[in-house]
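What follows is each chain in one-letter form.
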Amino acid sequence: MFNNQKDDFKTIRDILLKLRYDFYYYNISGFPNYYFNPYQLEENILLKLENYNIEIQTVFKFLLLGYAMPLNEVSEDLKTIIIILHKYNIVVNDGLFYKMNNYSLISYSGYFFIVDMPSYYNNCNIQKTEVYIGIDTYRLSNIIPKLKNKRILDLCCGSGIQGITASEDNQVDFIEYNEKTIKITKINIMLNDIDCTNVYHSNLFEKIRDRKYDLILSNPPFIPVPQNLDYPIAGDGGESGLETLKKIFKGLDEHLNDEGISIIIGECLGDKYGHTILETELKKIFKKNYNIQLFLNSIIPKEIHAKIMSNIYSQHINKDYDKKTIENKWLDLYCNLKMDSYYSFTLFIQKSKFNKIEVIKNYFDWNDEMKPIVLENLQISLINDLYQVKNNNLVVSYIDKSMKSLLEKCNGKNKMSDLIDYNKISAEAYQNVLNILEEFYKNNLIKKG
């Protein structure tokens with residue numbers, strides 16, 4: 001039975017390689033998006049597909065975007081893929097038409113993954129995520145060290161992407177708690193022709209009590225979720241966001257070899273000064289024999305994060321709630337925990353002979369108490385619809401009207417919280433403001449007051 005399954009997915013893999021699926025997906029995604037974000041906007045994909053032949057258009061519309069199609073209108077190669085995936089309920093049919101069963105097939109660095117279709121694709125009809133993959137997943141994949149003849153654990157493995165990409169010349173174990181997810185993990189392992197693996201349906205370390213590893217990788221559930229809100233298991237980290245992380249930390253001593261490393265990607269609550277509840281928890285648990293580096297990669301104020309979560313929840317998880325009600329629930333959570341900011345982090349934990357916990361601020365530090373001051377050498381002039389920024393007559397940047405208005409108020413009297421309305425600005429726009437301020441700071445056009 002198992003060998004038949006392996007043969008089925010080897011057939012799919014061979015067809016995908018023949019069709020150059022990964023090559024086309026790279027070009028559809030564009031650089032650097034291909035290495036940064038597993039999903040692109042549907043309208044952008046469709047625009048790109050217009051330039052490709054009909055077979056490639058059909059393949060991506062079916063496998064990636066979830067378009068329904070009859071078998072007599074697809075190529076023999078795609079028909080073979082559809083028939084095989086239908087055996088495993090990855091594809092469903094209603095008589096004449098076949099379609100992906102709320103899954104998408106993506107590729108990354110020559111590997112192929114069946115994952116949940118993103119909720120913003122038109123053909124997505126199930127909002128809850130079981131087989132998650134996202135920007136944070138790729139962040140971890142991009143920093144996995146190249147090892148040989150080592151034992152590796154992919155903990156909270158989801159699609160299996162971390163363990164699969166780390167599997168060359170290594171023995172990899174996969175652990176996943178969600179039974180629906182682990183079915184797809186096993187399929188992705190076969191789809192990528194990976195051997196030397198064990199897959200466990202387990203609540204973290206429960207079923208591997210006697211195993212030790214040289215490398216433990218994890219992108220666990222980390223989102224702080226208010227009480228009484230039903231949130232997908234792939235993201236729910238409890239009210240503090242640390243519920244799963246604390247259990248992982250407590251299991252590392254038993255399951256890491258000497259000098260072994262754990263790399264964990266996630267997000268956490270903190271304050272505007274770079275203090276996080278994650279750092280506090282690390283100091284409680286790791287009192288000796290661990291060398292730890294906590295990289296704080298980005299920061300957003302609580303108002304922006306609450307707005308992001310309210311949009312996600314009310315649009316994609318439970319449409320019965322209105323956005324403002326959900327936003328207030330997240331703001332209340334921040335208030336109860338006495339936190340005002342939200343961080344993304346990368347965590348390196350090494351079992352070592354000495355103990356050290358180091359926090360590294362890897363983000364642009366413009367907290368809401370700062371009072372930026374524009375320096376005299378900054379010159380702004382209108383060029384067409386944008387404003388040109390010069391440093392002593394040398395062009396350094398172009399900005400829009402809203403950024404020009406913000407700079408005009410950077411007089412050393414206004415705090416960042418006076419300059420930016422956190423209740424109205426999007427996370428992307430906020431990050432853009434920080435990027436520009438940091439660029440001008442490095443070019444000696446503005447100083448931090």
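Check the entry above for the structure.
The following paragraphs examine the structure supplied in this document. (Residues numbered from 1 in each chain as written. Predicted model: local features only at pLDDT ≥ 70, side-chain atom pairs only at ≥ 80, totals over all residues. Heavy atoms only, no water.)

**Focus on the overall build of the protein chain**
For the record, the criterion: Here a helix means four or more residues in a row that DSSP labels H or I, a strand means two or more in a row labelled E, and each is numbered from the N terminus. The globule rule is 2.2 Å times the number of residues to the power 0.38, and the radius of gyration it is compared with is taken over C-alpha atoms. In what follows, a contact means two residues having at least one pair of non-hydrogen atoms within 4.5 Å. Note that accessible areas follow from Shrake-Rupley with a 1.4 Å probe, and for residues the cover is restricted to the protein chains shown. We score Asp and Glu as negative and Lys and Arg as positive, and we do not count His or the chain ends. Charge positions come from single atoms, namely NZ of Lys, CZ of Arg, CG of Asp or CD of Glu.
Scanning the protein chain for helices and strands turns up 16 helices and 18 strands. A compact globule built from 449 residues should have a C-alpha radius of gyration of about 22 Å, and the protein chain, at 24 Å, falls within 12% of that. In the protein chain, of all internal contacts separated by at least 6 residues, the share reaching a separation of at least 24 is 70%. For the protein chain, the exposed area adds up to about 21300 Å²; of that, 47% sits on carbon and sulfur atoms. Averaging the locations of the 53 positively and 57 negatively charged side chains of the protein chain gives two centres separated by 4 Å.

**Some thoughts on the state of the cysteines**
Put simply, the rule is: The disulfide definition used here is simple: a pair of cysteine sulfur atoms within 2.5 Å. With a 1.4 Å probe rolled over the protein chains alone, any residue whose accessible area is under 20% of its type maximum counts as buried; one over 50% counts as exposed, and the rest are partly exposed.
Applying the stated rule across the entire model yields zero disulfides. Of the cysteine sulfurs around Cys-335, a residue in no disulfide, the closest is that of Cys-268, at 19 Å. Relative accessible area serves as the criterion here: at 55%, Cys-335 is assigned to the exposed category.

**Regarding the pairing of strand β17 (residues 394-399)**
The two faces of a sheet get side chains in turn, since along a regular strand they alternate between them. Applicable threshold: Note: two strands are recorded as paired if DSSP finds a minimum of 2 bridges between them.
Of the strand pairs in this sheet, strand β16 (residues 386-391) and β17 are connected by five bridges, and their pairing is antiparallel. Across the sheet, the residue bridging to Gln-388 is Tyr-398, located in β17. Linking β16 to β17, which pair antiparallel, is a turn of two residues; within it Asn-392 sits at a positive phi near 50°.

**What to know about the packing of aromatic side chains**
To keep things clear, this is the line we draw: Stacked, tilted and edge-to-face are the three classes assigned to paired rings of Phe, Tyr and Trp, where Trp is represented by its six-membered ring and a pair needs centres within 6.5 Å; plane angles under 30 degrees give stacked, over 60 edge-to-face, the rest tilted. A ring is scored as having a charge over it whenever the NZ atom of a lysine or the CZ atom of an arginine sits within 6 Å of its centre and within 35 degrees of its normal.
Inspection of every chain in the model, using the stated rule, returns 25 aromatic pairs. Measuring from centroid to centroid gives 6.1 Å for Tyr-26 and Tyr-35, while their planes differ by 70°, and the two rings are edge-to-face. With a relative accessible area of 29%, Tyr-26 lands in the partly exposed category. Residue classification places Tyr-35 among the partly exposed residues on the basis of a relative accessible area of 34%. The ring of Trp-366 carries the charged tip of Lys-448 above its face, separated from the ring centre by 4.9 Å. In this arrangement the basic side chain of Lys-448 is found over the ring face of Tyr-441, its NZ or CZ atom lying 4.7 Å from the centre.

**A few points about the pattern of salt bridges**
Using the following cut-off: Just to be clear on terms, a salt bridge is a Lys or Arg side-chain nitrogen sitting within 4 Å of an Asp or Glu carboxyl oxygen.
In total, this model carries 14 salt bridges according to the counting rule given. When the shortest N-O distance is used, the salt bridge between Lys-79 and Glu-76 registers 3.3 Å. Taken together, the residues span about one helical turn, with Lys-79 and Glu-76 both in helix α6 (residues 76-87) at a distance of three residues. Given the relative accessible area of 23%, Lys-79 is considered partly exposed. Glu-76 gets classed as exposed once you look at its relative accessible area, which sits at 56%.

**Some words on the sheet that holds strand β3 (residues 97-100)**
Note the cut-off: All axes here are fitted lines through C-alpha atoms, helices being fitted over the stretch that makes contact, and every angle between N-to-C directions spans 0 to 180 degrees.
Spatially, three strands are ordered β1-β3-β2 in an open sheet, and the strand pairing comes out antiparallel. Across the chains shown, the open sheet's two edge strands, defined by having one partner strand only, are β1 (69-70) and β2 (91-93). When β1 meets β3, the two strands line up antiparallel, connected through two bridges. In the strand pairing of β3, Met-69 is matched with Tyr-98. Along the sheet, α6 makes contact with β2 and β3, crossing β2 at roughly 90°.

**Thoughts on the pairing of β3**
Across the two faces of β3 the burial differs, with Tyr-98 and Met-100 buried and Phe-97 and Lys-99 not buried at all. From the end of β2 to the start of β3, which pair antiparallel, there are three residues, and Gly-95 there has a positive phi angle of about 110°.

**Let's talk about the side chain of Ser-202**
This is how the line gets drawn: Any pair of N or O atoms that falls within 3.5 Å is considered a polar contact. Within protein, one atom must be able to donate a hydrogen and the other to accept it, and sequence-neighbouring residues count only if both atoms are side-chain atoms.
One can find Ser-202 in the loop between β8 (197-201) and β9 (213-218). Polar contacts involving the side chain of Ser-202 include one to the main-chain amide nitrogen of Lys-207, which spans 3.2 Å. Look past the residues within four positions of Ser-202 in its chain and what remains in contact with it is Ile-175, Glu-176, Tyr-177 and Lys-207.

**Considerations on the sheet that holds strand β10 (residues 256-270)**
Overall, mixed pairing links the eight strands, which are arranged β8-β7-β6-β9-β10-β12-β11-β13 in an open sheet. Unpaired on one side and paired on the other, β8 and β13 (356-361) mark the two borders of the sheet. The average angle at which neighbouring strand axes cross in this sheet is 15°, direction not considered. Relative to strand β12 (residues 341-351), strand β11 (residues 290-301) runs antiparallel, the two being bridged by eleven bridges. Counterpart to Leu-294 in the pairing with β12 is Leu-347. Against the sheet, helix α10 (residues 243-255) contacts β6 (151-155), β9, β10, β11 and β12, and its axis sits at roughly 170° relative to β10. Along the sheet, helix α11 (residues 277-285) contacts β10, β11, β12 and β13; its crossing angle with β11, the most-contacted strand, is approximately 165°.

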